[in-house]
Amino acid sequence: MTSFAIIGGTGALGAALAGRLASAGHKVWVGSRDAAKAQAFAATLSGDVHGAGIAEAAGHGEIVVLTVPYAAHADTLAQIHPAVQGKIVVDTTVPLKPPKVGTVQLPAAGCAAVEAAQALGPDVKVVSALQTIGAEKLGSGAAIDADVLVAGDDAEAVEAVRAMLTGLGLRSWHVGPLANSAAAEAMTSLLIQINRRYKIAQAGVKITGKPKDAPAAASVSIRALPGLPLFEPGQDLASAIAEAVRASGEPLQPGDVVVVAQKVVSKVEDRAVRIDTVEPGAEAREAAARAEKDPAVVQLIATEAQELMRVAPGVIITRHRTGHVLANSGIDASNVVCGGTESVLLWPQDPDASARRLRVALEAAFGVRLAVIVSDSLGRAWRMGTTGHAIGSAGLKPLRDRRGEADLFGRELQATVIGVADEIASAASLVIGEAAEGTPVAIVRGATYEADETEGVGEILRPLDKDLFR
Ligand SMILES: NC(=O)c1ccc[n+]([C@@H]2O[C@H](COP(=O)([O-])OP(=O)(O)OC[C@H]3O[C@@H](n4cnc5c(N)ncnc54)[C@H](OP(=O)(O)O)[C@@H]3O)[C@@H](O)[C@H]2O)c1
């Protein structure tokens, strides 16, 4: 483990860095104008941490990090000069003179790091780093979603500093000679402006792009579509989705899967039923007594079902007329108000047809090939907790048959049929909010599926003759 001296280690950035380095197992010397203050602070950190005056601390560090205000820069460099000869000095200084910290101020030499190199002489390898990382973020111990720009004239010294940063969980980039530190130092004023203007806690910079020879990693993005209205019967759902997609600034792309919660599909298709309009029959009354439910609701559950498969206190499991096996025929009482009377919402008449209509309209609106899934949260046999399931689909084959493909070791996959429509619906349910969130639509991008023109979700349903529990 390397030993680090943090000069100014009692301050915001220095303390954060000292804490991270100590947690990573390094020996840390905190340097202060007041040795007793440094010792007292060191005692608050766990790990191999010590406190000393500036010159003494600098003497103990194999790598010396400068975290003092620019006002103290020149003076501190003079104090550490003898102790740092032959070593690496990491300069984090931003040459700001308050109060105009939102305006770039660079010294005549070009930047603070070059001033440090000039003051310390040719035997010191000055590396500039960390100007764009907020002390609070660094001190939080959490993952940091920002990059470090590292400038320096000595490649080995730069790599040593980058290795230290990598060990602290920070991604860094060698951005060229020490003189280029000017850009990183100047960036601080821009970040201060952004923090103020957009009320960001601590803005940072992040470099985009990836190496040209990097293997393409599979990735899927799932985003909730903001800005949709509360839907009413008869409303044009596809147009509302298209409008919200345009407003989001991120148009649909070929292959995107638009996942729409059953509830809004049922709503626009006017599938709400007022309970006081339902006259329960004798069978429904009998089942309602066993399930301890409202007989009118049980009548609707039965009407929507091919078969009541299980009736017990609090539970009715049915085979829905579409073939899905689920609780209460998918009848949902939450979020439904109908003329002030209690109402329940039935599934769409034909969820596959609903998906097809949405797909046709959205493909026309965006001129790209899409798939659409109508989803609902359902419980699963033998497992607790609901997950998103596809109850209707268009544009994709709901099962992905991988039998015959080779596994990593070249062996043929034997029984690998993936319920891809359910997987996509389930992923989308991570962002679809059916309750107060009001985000009933998600766009899933990058999912691997087989495009298909004819299928609905039918093939997902296990045929009765393959039901292992009958
Ligand atoms: N804060 C950030 O988020 C951040 C981010 C990137 C870069 N930086 C850079 O890091 C350096 C330190 O910033 P900071 O925010 O950590 O500052 P800070 O909280 O004010 O701490 C600086 C430390 O430097 C020491 N110091 C030495 N001479 C000083 C003087 N004349 N006046 C005041 N303090 C003096 C103090 O320690 P003793 O009293 O123990 O001597 C003080 O604790 C600055 O150059 C800044 O540009 C800061």
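A brief look at the structure comes next. Keep in mind that what you see is a predicted model, and the values were worked out from it rather than measured.

Calculation notes
Residues numbered from 1 in each chain as written. Predicted model: local features only at pLDDT ≥ 70, side-chain atom pairs only at ≥ 80, totals over all residues. Heavy atoms only, no water. Phe/Tyr/Trp six-rings, centres within 6.5 Å; stacked < 30°, edge-to-face > 60°. Lys NZ or Arg CZ within 6 Å of the ring centre and 35° of its normal. Buried < 20%, exposed > 50% of the residue type's maximum accessible area, 1.4 Å probe, protein only. Helix = DSSP H or I, 4+ residues; strand = E, 2+ residues; numbered from the N terminus. Contact = heavy atoms within 4.5 Å. Pairing = 2+ DSSP bridges. Axes fitted to C-alpha atoms, helices over the stretch in contact; angles between N-to-C directions.

What about the packing of aromatic side chains?
Following the criterion strictly, the structure yields 0 aromatic pairs and no others. The aromatic ring of phenylalanine 366 is capped on one face by arginine 246, whose charged end is 5.1 Å from the ring centroid.

Observations regarding helix α5 (residues 112-120)
Of the positions making up α5, those classed as buried are Ala112, Ala113, Val114, Ala116 and Leu120. Packing partners of the buried residues in α5 comprise α4 (73-80), β5 (88-91), β6 (125-128) and α8 (181-198). Positive backbone phi, approximately 90°, marks glycine 121, located one or two places after α5.

Structural notes on unusual backbone geometry
In this structure, proline 99 follows proline 98 across a cis peptide bond, with omega equal to 10°. As for its placement among the helices and strands, proline 99 is situated in the loop between β5 and α5. Of note in the backbone geometry, aspartate 270 takes a positive phi value of approximately 60° without being a glycine. Structurally, aspartate 270 can be placed in the loop between α10 (262-268) and β11 (272-274). At glutamate 292, a residue that is not glycine, the phi angle is positive and equals roughly 55°. Locating glutamate 292 in the fold gives a position in the loop between α11 (282-291) and α12 (295-303). With relative accessibility at 63%, the residue glutamate 292 sits in the exposed group.

Examining the sheet that holds strand β17 (residues 371-380)
Pairing is mixed in the open sheet, where 5 strands are placed in the order β9-β21-β10-β17-β18. The open sheet has two edge strands, β9 (221-224) and β18 (383-394), and neither has a second partner. Averaged over all neighbouring strand pairs, the angle between strand axes comes to 30°, with direction disregarded. Pairing between strand β10 (residues 257-261) and β17: 5 bridges, direction parallel. The residue bridging valine 260 from the neighbouring strand is valine 374, located in β17. Its contacts with the sheet put helix α9 (residues 237-248) on β9, β10 and β21 (441-445), and the angle it makes with β10 is roughly 120°.

Function cannot be read off these values alone, since they describe shape.
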